[in-house]
Amino acid sequence: MIVTTDLTKKYGDFTALNNLNLNIKQGEIYCLLGANGAGKSTTINLLLNFIQPSSGTALINNIDVTKQPLETKKYLAYIPENLMLYPTLSALENLDYFSGIAGKVLTKSEMEVFLQEAGLQQDAFNKKIKAFSKGMRQKVGIAIALAKDAKLLLLDEPTSGLDPKASNEFGMLLKKLKQKGVAILMATHDIFRAKEIATHIGIMRHGVIQHQFVADQLSLSELEKHYLETMNY
Amino acid sequence: MLSYNFTYELKLLIRNKWLPILGLLLVITFAFAAFNGNSRTQKRIKEITNIETKTELSDANMLKLLDSVEKGLEVKTSFRNIPNTPMAIGYQHPRAVTMTPNGMSAIAIGQSDIFTDVIMPITVDDDFGIDFTEMTSSIQLLFGSFDLTFVIIYLLPLLIIAFSYNILSAEKERGALRLLASQPVSIYKWIFQKMLLRFFWLSQIVIVALVISFLINNIDLAQIQFIWLLGLILVYILFWFSLSFLINLLGSSSAKNAVFLIGLWVFFVLLIPSSINQIAHSIYPIPSRNKMVNTMRTLKVDVSKKQDKVLDHYLRDHPELASKEEDKGNYTFWHKYMASLDLVAQEINPLFSLYDEQLEAQQSWVKKWTWLSPSLVINKEMNRISGNSTADYQNFKNQALAFSKHWRNHLIFMLYNKQPFTTKDYRTLPKFTYKPLKLNGIGKHIVIELILCVLIGLLAVFLFKKRLQKGIAILNN
């Protein structure tokens, strides 16, 4: 679903991302760990074509991101770190709007199913977003992804600022999406959550993936050790 | 995308109270401005009607007197007031030369508060040329009148700026732009639609406010000029939206956008017009009004001292007026006076025409540079529609002067032919009817401004695509 080949982003002398090679398939959750400035967000911004690579290519569903950006965006859903919706519109209205401008016409009952599936409580459907917590807004974001029938989900630190219960719920939701065959790329600081839901984990530093693991093949403490070693290197 | 943008943009605008506030604000200001313009117009119409009624009354009296005199009845009035000589008519019974405001006069007070639109030319004097020389009120120049033109040219752009300066930047600053940009929609199309919708709603409000203000003030809506007016206003609104579109797509922060747009407002609405005006005044200065008045007085004194000589000269120049051999030398005060007036006119004319020439030079200079600012173009066209522009008053002045000359010559001819004035002559007295300037070329200006808006829009899209390539359009920079 996501294939990057020698993807590199330089800002003058500074290399934000250096020859990244990723291959994330359907039903995989790839967690990118790393400190601030490691290149996690740069990777996601490149995949969204918000910024242009200095060299290398990124493919989404075998389509080049820089050549046909709008085409690739049909297959992906993105939840930024701080998901902002229209505060004066309700959850249902936000879902309707974001799906609608992307060309997806939904009935009210369909939308309610998506919001329910995303785990939003029924009584919040018609409430204005401005009263929502970050966890609730993210659920609306997930509902937008579900409605879009996205094949791939890009998440930028989705669990930061969530309470443990909300974070857990979010993890469960991602697992459900994984089972549906969605490919997920998640940038995070949360080693614990990463270990729990990821199929693959990469530890990033200075724009390079220093270590890459299959999540089942190591324990949480081993992961933490590797992480700290990489950071102190 | 358009239908969703339409539905939700409307919802957002209503929920954050933009539409109700704008609606109320515009209806109130438009109604007040139209009221001001209309009061001025009504006052002018009243003045004109007064003068005309007065003239009719005085004419009726004159005819009565004349009738009595012709029937050989005795009249109880001073011989000076008996209207049986052409000079008595020329002196005491001037025609009313008036410029009746047109149906759209209320939209722009224009020059109507500086120039007069009622003149009573009398044969003994034509000093009224002075009425047309400029009297400048500095307060008036500074603020203009609070009429519809002022509201539209000056205030409306500010509302448009407030309404549209942060369409993109607010999304960016709130973070919603990232989510939007991850959808398969092109961002500039999305902003374009948002702008278009806001333009649409503002235009609707403006049209409604305009119609309401016309209805309240009893201004006729069913005239072709109203359509032209709407066309001008809409294209002016579009111009400001296209500037705002450009600034939005240039992608600075909301605060910077606001500053840029206010800067453009100052540039187009204040700086360009006042610069053009200043330069026009310094290249083609208008002669001093005081100097003109003084020169005229001195001339009159000089000329009156040598009236006999003046008459000889005059008759040499106008042999058709010279009396037959048998009457030779039988000239009255009036003959001498009218001849001297002619001389004064000859002397003063260069001064008057200098004034006219300078004014015309100024106007053609301003005309040459008007295109620099759409505010100026629209302002000028609105003034033309109102019939109160400088050109209209210039036109009235020329017609009034021509009439005055015609009127005087008519009576002088009778004077020198020693014709008495009779009831029959009353019917052949010249009458003045004001012929307004033709209102053409407005459509051309609308089309030119429309093309300008399209060019600004294209420039905006071009620059935005460059920024997208650089990757600085979506993320905060």
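Remember, it's a predicted structure, so these values are computed and weren't measured experimentally.

With that settled, the discussion passes to the overall build of chain B. When its secondary structure is counted, chain B shows 17 helices and two strands. In terms of overall size, chain B is more extended than a compact globule, its C-alpha atoms giving a radius of gyration of 31 Å where 477 residues would be expected to give roughly 23 Å. Overall size of chain B, expressed as C-alpha extent along the three principal axes, is 105 × 45 × 35 Å. In chain B, which comprises 477 residues, the share counted as buried stands at 37%.

Moving on, we come to the overall build of chain A. A tally of helices and strands in chain A yields eight helices and ten strands. For the C-alpha atoms alone, the extent of chain A along its principal axes is close to 50 × 40 × 30 Å. When each of the 233 residues of chain A is scored for burial, the buried share is 48%. Taking as baseline every contact in chain A between residues at least 6 positions apart, the subset at least 24 positions apart corresponds to 68%.

Taken together, the contact pairs 24 residues of chain A with 24 residues of chain B. Elements that contribute at least two residues to the side of chain A that touches chain B include exactly β6 (76-79) and α3 (91-101) of chain A. Among the elements that line the side of chain A that touches chain B, the one with the most residues is α3 of chain A, at five residues. Of the residues in the side of chain A that touches chain B, the class split is 16 nonpolar, five polar and three charged.

Let us look at the nonpolar core. Residues Leu95, Ala143, Leu152, Leu153, Leu154 and Ile184 of chain A together with Ile237 of chain B are the most contacted members of the largest nonpolar core, which totals 147 residues. With 16 residues, helix α9 (residues 224-250) of chain B is the single largest residue contributor to this core. If you count residues domain by domain, this core takes at least three from each of domain 1 (1-33 + 47-75 + 151-223) and domain 2 (86-148) of chain A. Aside from chain neighbours lying at most four places away, what touches Leu153 of chain A is Ala77, Ala145, Leu177, Val182 and Ile184 of chain A. In terms of nonpolar packing, the next biggest core, distinct from the first, is built from 18 residues, Ala88, Val310, Tyr314 and Trp407 of chain B among them.

Residue and element names in this part refer to chain A. The strand order β6-β7-β8-β3-β9-β10 describes an open sheet built from six strands, whose pairing is mixed. Two strands in the sheet have a free side with no partner beyond their single neighbour: β6 and β10 (208-214). The sheet shows a mean angle of 15 degrees between the axes of neighbouring strands, direction not considered. The sheet contact formed by strand β3 (residues 29-34) and strand β9 (residues 200-205) spans five bridges and is parallel. Bridging across to β9, Leu32 finds its partner in Gly202. Contacts between helix α5 (residues 134-148) and the sheet are confined to β6 and β7 (152-156), with β6 contributing the most and set at about 175 degrees to the helix. Sheet strands touched by helix α6 (residues 164-179): β3, β7 and β8 (183-188). Its angle to β8, the strand with the most contacts, is close to 150 degrees.

Residues and elements named next belong to chain B. As a packed pair, helix α11 (residues 289-305) and helix α13 (residues 333-369) sit with axes 10 Å apart at the nearest point and diverge in direction by 150 degrees. Judged by the inter-axis angle, α11 sits roughly antiparallel to α13. When you trace α11 past α13, the crossing you get is right-handed. Counting all contacts with α11, which are made through Met292, Thr295, Met296, Leu299, Lys300, Val303 and Ser304, the residues of α13 involved are Ser340, Leu343, Val344, Glu347, Ile348 and Leu351. In terms of residue class, the contact of α11 with α13 is made up of eight nonpolar, three polar and two charged.

This next bit is on the environment of Lys438 of chain B. With respect to the helices and strands, Lys438 of chain B occurs in the loop between α16 (423-427) and α17 (442-470). Judged by C-beta crowding, with 7 C-beta atoms within 10 Å, Lys438 of chain B ranks as exposed.

Residue and element names in this part refer to chain A. Compared with an ideal rise of 1.5 Å per residue, which puts 16 residues at 22 Å, α6 spans 23 Å between its outermost C-alpha atoms and is within 8% of the ideal. When α6 is considered as a whole, its buried residues turn out to be Phe170, Gly171, Leu173, Leu174 and Leu177. All buried residues of α6 fall inside an arc of 160 degrees around its axis, so they share one side. For α6, the exposed residues set more than 90 degrees away from the buried face come down to Pro164, Lys165 and Gln179. In the segment just after α6, Gly181 is the residue with positive phi, at about 95 degrees.

Next up on the list: the pairing of β6 of chain A. Residues and elements named next belong to chain A. Of the two faces of β6, the one holding Leu76 and Tyr78 and the one holding Ala77 and Ile79 are both buried throughout. Here β6 runs beside β7; their pairing, made up of four bridges, is parallel. In the strand pairing of β7, Tyr78 is matched with Leu154.

With that settled, consider the domain arrangement of chain A. Residues and elements named next belong to chain A. Annotation of chain A at the domain level lists domain 1 (1-33 + 47-75 + 151-223) and domain 2 (86-148). Placing the centre of domain 1 and that of domain 2 at their C-alpha centroids yields a distance of 24 Å. In terms of residues, the side of domain 1 that touches domain 2 owes the most to one element, α6, which gives four residues. A class-by-class count of the residues in the side of domain 1 that touches domain 2 yields six nonpolar, one polar and one charged.

The residue Tyr11 of chain A is located in strand β1 (residues 2-11) in this model. For Tyr11 of chain A and Ser54 of chain A, which are 43 residues apart along the polypeptide, the C-alpha to C-alpha distance reads 8.7 Å.

This next bit is on the confidence of the model for chain B. Across chain B, the average pLDDT comes to 86, with 92% of residues at or above 70. Reported for the predicted complex are a pTM of 0.88 and an ipTM of 0.91.

Across the sheet, which stays open at both edges, the four strands sit in the order β2-β1-β4-β5 (chain A) with antiparallel pairing between neighbours. Edge positions in the open sheet fall to β2 (14-24) and β5 (63-64) of chain A, since each of these has one partner strand only.

For the rest of this paragraph, the subject is helix α2 (residues 18-70) of chain B. An ideal rise of 1.5 Å per residue puts 78 Å on 53 residues; α2 of chain B measures up with 76 Å between its terminal C-alpha atoms. The positive-phi residue at the C-terminal boundary of α2 of chain B is Gly72 of chain B, with phi of around 80 degrees.

The phi angle at Asp149 of chain A is positive, at roughly 60 degrees, despite the residue not being glycine. Inspection of the secondary structure puts Asp149 of chain A in the loop between α5 and β7. You will see that Lys418 of chain B, though not glycine, has its phi angle at about 55 degrees, which is positive.

On to the pairing of β2 of chain A. All names here are of chain A. Bridge count between β1 and β2: seven bridges; the pairing is antiparallel. The residue of β2 that forms the bridge with Tyr11 is Phe14. Here β1 hands over to β2 after two residues, with Gly12 in that stretch at a positive phi of 65 degrees.

All names here are of chain A. Counting through the fold element by element, Gln210 comes out in strand β10. Since 18 C-beta atoms lie within 10 Å of it, Gln210 is described here as partly exposed. When the C-alpha atoms of Gln210 and Thr230 are compared, they prove to be 7.2 Å apart, with 20 residues separating the residues in sequence. Here Gln210 is in contact with Ile203, Met204, Arg205 and Thr230, once residues within four sequence places are set aside.

What counts, and where the lines are drawn
- Residues numbered from 1 in each chain as written.
- Chains lettered and ligands numbered in written order.
- Predicted model: local features only at pLDDT ≥ 70, side-chain atom pairs only at ≥ 80, totals over all residues.
- Helix = DSSP H or I, 4+ residues; strand = E, 2+ residues; numbered from the N terminus.
- Rg over C-alpha atoms; globule rule 2.2 N^0.38 Å.
- Buried ≥ 20, exposed ≤ 12 C-beta atoms within 10 Å, placed from the backbone.
- Contact = placed C-beta atoms within 7 Å.
- Nonpolar A, V, L, I, M, F, W, Y, C, P; charged D, E, K, R; others polar.
- Core = buried A, V, L, I, M, F, W, Y, C linked by C-beta atoms within 7 Å.
- Domains from an automatic or database assignment.
- Pairing = 2+ DSSP bridges.
- Axes fitted to C-alpha atoms, helices over the stretch in contact; angles between N-to-C directions.
- Parallel < 35°, antiparallel > 145°, perpendicular 65-115°, else oblique.
- Left-handed = near helix turned anticlockwise from the far one by under 90°.
- Expected span 1.5 Å × (residues − 1).
- Arc of directions from axis to C-beta.
- pLDDT = per-residue confidence, 0-100.

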